[in-house]
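Listed here are the chains, written in short residue letters.
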Amino acid sequence: MSTDDLTSLRRRFREAYGCEPAGVWAAPGRVNLIGEHTDYNDGFVLPLALTRRCRIAAAPAAGRSSRVLSLQQEGIVEFDAASVTPEDVRGWAAYVAGMFWALGQRGLEVPELDMVLDSDVPVGAGLSSSAAIECATGAAATDLGSLELSPTELALTGQRCENDFVGAATGNMDQLASMHGKSGHLVFIDTRSLAVENVPFDLPAAGLALLVIDTCAPHALVDGQYAARRSACEQAAQTLGVQALRDVAPERLDDALARITDPTVQRRVRHVVTEDARVLQVVQHLRAGGDPRDIGPALTQSHASLRDDFEVTVPHLDVAVEAALQAGAYGARMTGGGFGGSAIALVEADAVDQVSQGVRQAYAEHGFAAPQIFPVVPADGAKRLD
Ligand code: ADP
Ligand code: MG
């Protein structure tokens, strides 16, 4: 069990290493409100950081090498932060050791640390428990090592860790959201320029709730499908003579589609171009202080596009979205890569039980195992807690 109680995290640190931690750092998981499969097309994404986060108690290492333990895993893992290579550390500790490696790759002199980590970001629900570890580790290492890195540089270092040390081909959204999160705000990211803007999204003030519906469905065929979508998008960009699909303006979409012969690739392009437009539309509305209820249709259109054009949903996701809408949600969509993971639903705060019940009932009727449903609010990004 993880806990937000820093006293107990400090106690676990003392039990493991026999001294007080120098401090505690935290970084959140994230959920993407809208902007799916746009990141590798140089497009726009709009995630929020969560109150669920990874906390790391750390101190300069007592010995020559670094040590880390997780309250959610067995055993202590030891590694040399200054010289660790991707072959040296596998499994969960790679997200920690890889961060030191990636900082070293930037030419920085990394400190050797003793660490205890504790996270309440669920694993594999599409809420980026991995980026939370990377960013919390990065925050601790940069503070204790007096390394000068901006939040965006630290996020990109986390991406490097995940891509080249852990070996997972992911974009930069997760780490940027974890670094740049802000309570009551979304994190609007231009994945090409890396410009980041916090856009107001104060759910409690608006009397709203955002539900995450973790389908708990087994992920099927994800790797091959992700690569196939990516390569279809790259191929289409080449055909259209643009650097990335982000460069296809929505008003030129029909012209672009006319130049693509494969109907499947046509649909992939239509998803990416319309999805970028939906993100910008949502951002414009919220930036201008518009009612968050009004973005519901954009969320639902995003889901339809991911289901029909990008073809990355599965019945568990479609049923969750349909049931949430039927039970009164303003909008709902799958979130994350698809093929499992989670859906989100924007609902009136006093309709949380009604919508949750509607989804649970639909799952039971379909013979699906019960989903995990919980509300989330936008929270702050990585920071020192103590
Ligand atoms: P996610 O969508 O949650 O980021 P990933 O597969 O990218 O899924 O990352 C999950 C991995 O991160 C886990 O398999 C584990 O190796 C590591 N991880 C997540 N949370 C913890 C934790 N509390 N303690 C140790 N390792 C963790
Ligand atoms: Mg991850």
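Shown above is the structure to which this text applies.
Residues numbered from 1 in each chain as written. Chains lettered and ligands numbered in written order. Predicted model: local features only at pLDDT ≥ 70, side-chain atom pairs only at ≥ 80, totals over all residues. Heavy atoms only, no water.

A. Looking closely at the site of ligand 1. Close to ligand 1 lie 16 residues; S70, Q72, G124, S129 and S130 are nearest. A distance of 3.0 Å is found between an oxygen atom of ligand 1 and a side-chain nitrogen or oxygen belonging to S130. Within the complex, 78% of the 560 Å² of free accessible area of ligand 1 lies under protein. Among the elements of the structure, strand 5 (113-119) and helix 3 (129-144) are those that each provide at least two residues to the shell around ligand 1. (Near = heavy atom within 4 Å. Polar contact = N/O pair within 3.5 Å; in protein donor to acceptor, adjacent residues only side chain to side chain. Areas by Shrake-Rupley, 256 points an atom, 1.4 Å probe, with all protein chains shown as cover. Helix = DSSP H or I, 4+ residues; strand = E, 2+ residues; numbered from the N terminus.)

B. Quick peek at the packing of helix 2 (residues 94-105) against helix 4 (residues 151-166). Close contact between helix 2 and helix 4 brings their axes to 8 Å; oriented N to C, the two are set at 115 degrees. Viewed along their axes, helix 2 and helix 4 adopt a mutual orientation that is roughly perpendicular. Relative to helix 4, helix 2 is oriented so that their crossing is right-handed. Residue-level inspection shows A94, Y95, A97, G98, M99, W101, A102, L103 and Q105 of helix 2 in contact with helix 4, the latter providing L154, T157, G158, R160, C161, E162, D164, F165 and V166. Across the contact of helix 2 with helix 4, the residue classes break down as 11 nonpolar, four polar and three charged. (Axes fitted to C-alpha atoms, helices over the stretch in contact; angles between N-to-C directions. Parallel < 35°, antiparallel > 145°, perpendicular 65-115°, else oblique. Left-handed = near helix turned anticlockwise from the far one by under 90°. Contact = heavy atoms within 4.5 Å. Nonpolar A, V, L, I, M, F, W, Y, C, P; charged D, E, K, R; others polar.)

C. Spotlight on helix 3. Counted at 1.5 Å a residue, the expected span for helix 3 with its 16 residues is 22 Å, and the 23 Å between its end C-alpha atoms agrees. Counting buried residues along helix 3, 14 of its 16 residues qualify, which places the element largely inside the surrounding structure. Looking one or two residues past helix 3, S146 carries a phi angle of roughly 50 degrees, positive in sign. (Expected span 1.5 Å × (residues − 1). Buried < 20%, exposed > 50% of the residue type's maximum accessible area, 1.4 Å probe, protein only.)

D. Geometry of the packing of aromatic side chains. In total, this model carries six aromatic pairs according to the counting rule given. A ring pair is formed by Y363 and F368, whose centres lie 5.2 Å apart and whose planes are at 85 degrees; its orientation type is edge-to-face. A relative accessible area of 19% means that F368 is categorised as buried. The ring of F374 carries R52 above its face, with NZ or CZ at 4.3 Å from the centroid. (Phe/Tyr/Trp six-rings, centres within 6.5 Å; stacked < 30°, edge-to-face > 60°. Lys NZ or Arg CZ within 6 Å of the ring centre and 35° of its normal.)

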